[in-house]
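Single-letter residue listing:
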Amino acid sequence: MRKILPVLLMAALLMGCSASEPCAHQTVFCMDTVMDLQIWGQERQQAMDAIVEMLQVLESTWSATDENTFLSALNRGEGTPDKAQQDFLDQALALQERTGGAFDPKLGSVIALWGFYDDAYRVPTAQEITEAKTAPKWDLGALVKGYAGSRAVEILEQFDIDRAILNLGGNIQTYGEKENGTPWNIGVQNPTGGDALGALAIHGTMAVVTSGDYQRYFELDGVRYHHILDPKTGMSADSGLSSVTVICADGAVADALSTALFVMGLEEAIALWRQSDDFEAVFLLQDGTIYATEGASLSGCEYEVIRHEN
Ligand code: AMP
Ligand code: MG
């Protein structure tokens, strides 16, 4: 059985457009997901149009499932990246290194084996996985929506914009301060549906990205196989986590880290957080326990605080 939950972090649900504060509001289907974009400010429509165009260009460049994209050409050994494309590929490789390989931008041939590209789900053999690893192919699905958030911020900065909140298929990108100084309230999705697990208070321009084992999976003989793979084994990561939410000023970093921390598991993820100063995180364990790093302003639920000193 296939299941893809509508990726709906409860962002911005209480912050719609109003007559006193008109905003541009658009929903687009892009990168295989629904994106909900809200922008306030004088040049909101110009910014909206530029962002929608940017999203479409990113999709037609970096999709791993469409054989007409630049990424697919690259995977066939064709095509030469331009400067921006090379920078993005380099950023992906740098994030692979930073995460000790837990984020692996070249897992494409292993992901294909599982049928996540064509919905022909199956459990590959160990030998198939070993063989697939000898022919690595780019897949930037764990990074591109976060990267799109960062690119959207660059666009918003070019226009007269007060603030914006972009839900890029569950990757939330905020921009600017809300008028009365209150924080953006971003709900952390409950894997079982229903109310959010808790709410994150976010100030200013920030990315909030969640990776979870409930976002895309299939079940076979009572076992759930989800879409986040441990690059070491080529199997669905089984780290005891159900979801990881990362809060970071850089959307691409947030996206790569949410995937990587999920693969690493709580202990390794905490170790990486302790040696970093650019992100906060919320961890939901499979048993329902929640942990949050001390800089994450999480409320509305019980959780253990992870501190820098033991
Ligand atoms: P995300 O939802 O951001 O965690 O990204 C998950 C998607 O990234 C999957 O659907 C795969 O296309 C790809 N992916 C799976 N496992 C990994 C991994 N360990 N590193 C990088 N990309 C991955
Ligand atoms: Mg990711």
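K.L.:
I tried to follow the pattern of salt bridges on my own but got confused; where do I start?
P.N.:
Should their charged atoms come close, side chains of opposite charge can pair. In this structure the tally under the stated criterion is eleven salt bridges. When the shortest N-O distance is used, the salt bridge between Asp 278 and Arg 98 registers 2.8 Å. Here Arg 98 lies in helix 3 (residues 83–98) and Asp 278 lies in the loop between helix 8 (266–274) and strand 14 (279–285), a separation of 180 residues in the sequence. Under the relative-accessibility criterion, Arg 98 is labelled partly exposed at 28%. Note that Glu 154 is salt-bridged to Arg 151, the shortest N-O span being 3.8 Å. Separated by three residues within a single helix, Glu 154 and Arg 151 lie in helix 6 (residues 144–157), roughly one turn from each other. You can call Arg 151 partly exposed: its relative accessible area is 26%.

K.L.:
For this particular structure, what's the right way to read the coordination of the magnesium ion (ligand 2)?
P.N.:
Note on metal sites: the ideal angle is 109.5 degrees for four tetrahedral donors, and 90 or 180 degrees for six octahedral donors. Protein coordination of the magnesium ion (ligand 2) is provided by Ala 142 (O), Asp 255 (O), Asp 255 (OD) and Thr 259 (OG1), with donor distances spanning 2.1 to 2.5 Å. The sequence motif formed by the donor residues of the magnesium ion (ligand 2) is A-x112-D-x3-T. One end of the pair, Ala 142, is in the loop between helix 5 (126–133) and helix 6; the other, Thr 259, is in helix 7 (residues 251–264), and 117 residues separate them in sequence.

K.L.:
Before we go on, may I ask you to explain the packing of helix 1 (residues 44–62) against helix 6 in this structure?
P.N.:
Two packed helices can be described by the angle between their axes and the distance between those axes. Running from N to C, helix 1 and helix 6 cross one another at 150°; their axes reach a closest spacing of 10 Å. One element, helix 1, and the other, helix 6, form an angle in the roughly antiparallel class. In the packing of helix 1 onto helix 6, the handedness of the crossing is right-handed. Of the residues in helix 6, those touching helix 1 at Ala 47, Ala 50, Ile 51, Met 54, Leu 55, Leu 58 and Trp 62 are Val 144, Tyr 147, Ala 148, Arg 151, Ala 152, Ile 155 and Leu 156. Considering only residue class, the contact of helix 1 with helix 6 consists of 13 nonpolar, no polar and one charged.

K.L.:
Would you mind going over the nonpolar core with me for this structure?
P.N.:
Here is a general trend for soluble globular proteins: nonpolar side chains tend to be buried in one another's company. The biggest cluster of nonpolar side chains holds 68 residues, and the ones touching the most others in it are Leu 37, Ile 51, Leu 55, Leu 261 and Phe 283. Here this core gets ten residues from one element, more than from any other, and that element is helix 7. In contact with Leu 261, other than residues within four places in its own chain, are Leu 241, Val 244, Val 246, Ala 269, Leu 272, Phe 279, Ala 281 and Phe 283. Trp 184, Val 188, Leu 284 and Ala 292 belong to the second-largest nonpolar core, a separate cluster that totals 18 residues.

K.L.:
I keep staring at the pairing of strand 7 (residues 198–202) and nothing clicks. Help me out?
P.N.:
In the case of a regular strand, side chains alternate between the two sheet surfaces. Residues of strand 7 alternate between two faces, with Gly 198, Leu 200 and Ile 202 buried on one and Ala 199 and Ala 201 left unburied on the opposite face. Pairing between strand 6 (residues 184–188) and strand 7: five bridges, direction antiparallel. Bridge pairing in strand 7 places Val 188 opposite Gly 198. Where strand 7 and strand 16 (residues 298–299) come together, two bridges link them in antiparallel fashion. If you follow Leu 200 over to strand 16, its bridge partner there is Leu 298.

K.L.:
I keep staring at the pairing of strand 8 (residues 206–212) and nothing clicks. Help me out?
P.N.:
Burial runs high along strand 8: six of the seven residues are buried. Sheet topology note: the strand 5 (residues 171–175)/strand 8 ladder contains three bridges and is antiparallel. Its bridge partner lying in strand 8, Gln 173 is registered against Ala 207.

K.L.:
Where do I start with the packing of aromatic side chains in this structure?
P.N.:
Where two aromatic rings form a pair, the distance of their centres and the angle of their planes describe that pair. In total, this model carries ten aromatic pairs according to the counting rule given. Taking 4.8 Å as the distance between ring centres and 20° as the angle between the ring planes, the aromatic pair formed by Tyr 121 and Phe 218 counts as stacked. A residue pair is termed long-range when its members are at least 10 positions apart, and Tyr 121 in the loop between helix 4 (108–113) and helix 5 and Phe 218 in strand 9 (residues 216–220) qualify at 97 residues. When its relative accessible area of 2% is taken as the criterion, Phe 218 is described as buried. Chaining the aromatic ring pairs together yields one cluster made of Trp 114, Phe 116, Tyr 121, Phe 218 and Tyr 225. Above the plane of the ring of Trp 40 lies Arg 163, whose end atom (NZ or CZ) is 4.4 Å from the centre.

K.L.:
Is there a simple way to think about the environment of Thr 245 in this case?
P.N.:
Here Thr 245 shows up in strand 13 (residues 241–248). Each C-alpha atom of the pair Thr 245 and Trp 184 lies 16 Å from the other, and the pair is 61 residues apart in sequence.

K.L.:
Mind showing me how you'd approach the layout of surface pockets here?
P.N.:
One way to see where empty space is left: roll a probe the size of a water molecule over the atoms. Taken as a whole, the second largest pocket encloses approximately 250 Å³ of empty space. Lining the second largest pocket we find 15 residues, and of these Gly 100, Ala 102, Lys 232, Met 264 and Glu 268 sit closest to its centre. Put simply, the parts of the chain that give the lining of the second largest pocket at least two residues each are helix 7 and helix 8. Class assignment for the residues of the lining of the second largest pocket results in five nonpolar, five polar and five charged.

Calculation rules
Here the residue numbers are simple positions, counted from 1 along each chain's written sequence. To label them, take the chains in the order written and letter them from A, then take the ligands in the order written and number them from 1. Whole-chain, interface and lining totals are the exception, using all residues; otherwise, since this is a predicted model, local features are given only for residues with pLDDT of at least 70 and side-chain atom pairs are given and counted only at 80 or more. Only hydrogens and water are set aside; all other atoms, that is, all heavy atoms of the structure, feed into the side-chain values. Whenever a carboxyl oxygen of Asp or Glu lies within 4 Å of a side-chain nitrogen of Lys or Arg, that contact is scored as a salt bridge. Going along the chain from the N terminus, every DSSP run of H or I of four or more residues is numbered as a helix, and every run of E of two or more is numbered as a strand. Note on classification: 1.4 Å probe, protein chains only; a residue is buried when its accessible area is under 20% of the maximum for its type, exposed when over 50%, partly exposed between these limits. Each metal's donors are the N, O and S atoms within 2.8 Å of it, or within 3.2 Å when it is Na, K or Ca, and because water is not part of the set, sites may look incomplete. Simply put, an axis is a line fit to the C-alpha atoms, just over the touching stretch for a helix, and the angle between two N-to-C directions goes from 0 to 180 degrees. What sets the label is the angle itself: under 35 degrees gives roughly parallel, over 145 gives roughly antiparallel, 65 to 115 gives roughly perpendicular, and the rest give oblique. Here is the rule for handedness: rotate from the far helix to the near one, and if that takes an anticlockwise turn smaller than a right angle the crossing is left-handed, while a clockwise turn gives right-handed. Whether two residues are in contact is decided by their heavy atoms, any of which lying within 4.5 Å being enough. Each residue is assigned to one of three groups, with Ala, Val, Leu, Ile, Met, Phe, Trp, Tyr, Cys and Pro labelled nonpolar, Asp, Glu, Lys and Arg labelled charged, and all others, Gly among them, labelled polar. In these notes, a set of buried Ala, Val, Leu, Ile, Met, Phe, Trp, Tyr and Cys residues joined through side-chain atoms within 4.5 Å is what counts as a nonpolar core. Strand pairing is defined by DSSP finding a minimum of two bridges between the two strands. To pair, rings of Phe, Tyr and Trp, with the six-membered ring standing in for Trp, must have centres within 6.5 Å; the planes then decide the type, stacked if under 30 degrees apart, edge-to-face if over 60, and tilted in the middle. Note on geometry: a ring has a charge over it if NZ (lysine) or CZ (arginine) is within 6 Å of the ring centre and within 35 degrees of the ring normal. A 1.4 Å probe that fits into a set of points on a 1 Å grid over the protein atoms alone but cannot get out defines a cavity; an open set with protein on both sides within 12 Å along at least five of seven lines defines a pocket, and lining residues are those with an atom within 4 Å of a point. Grid points are joined across faces, edges and corners, and a volume is the space filled by probe spheres set on the points.

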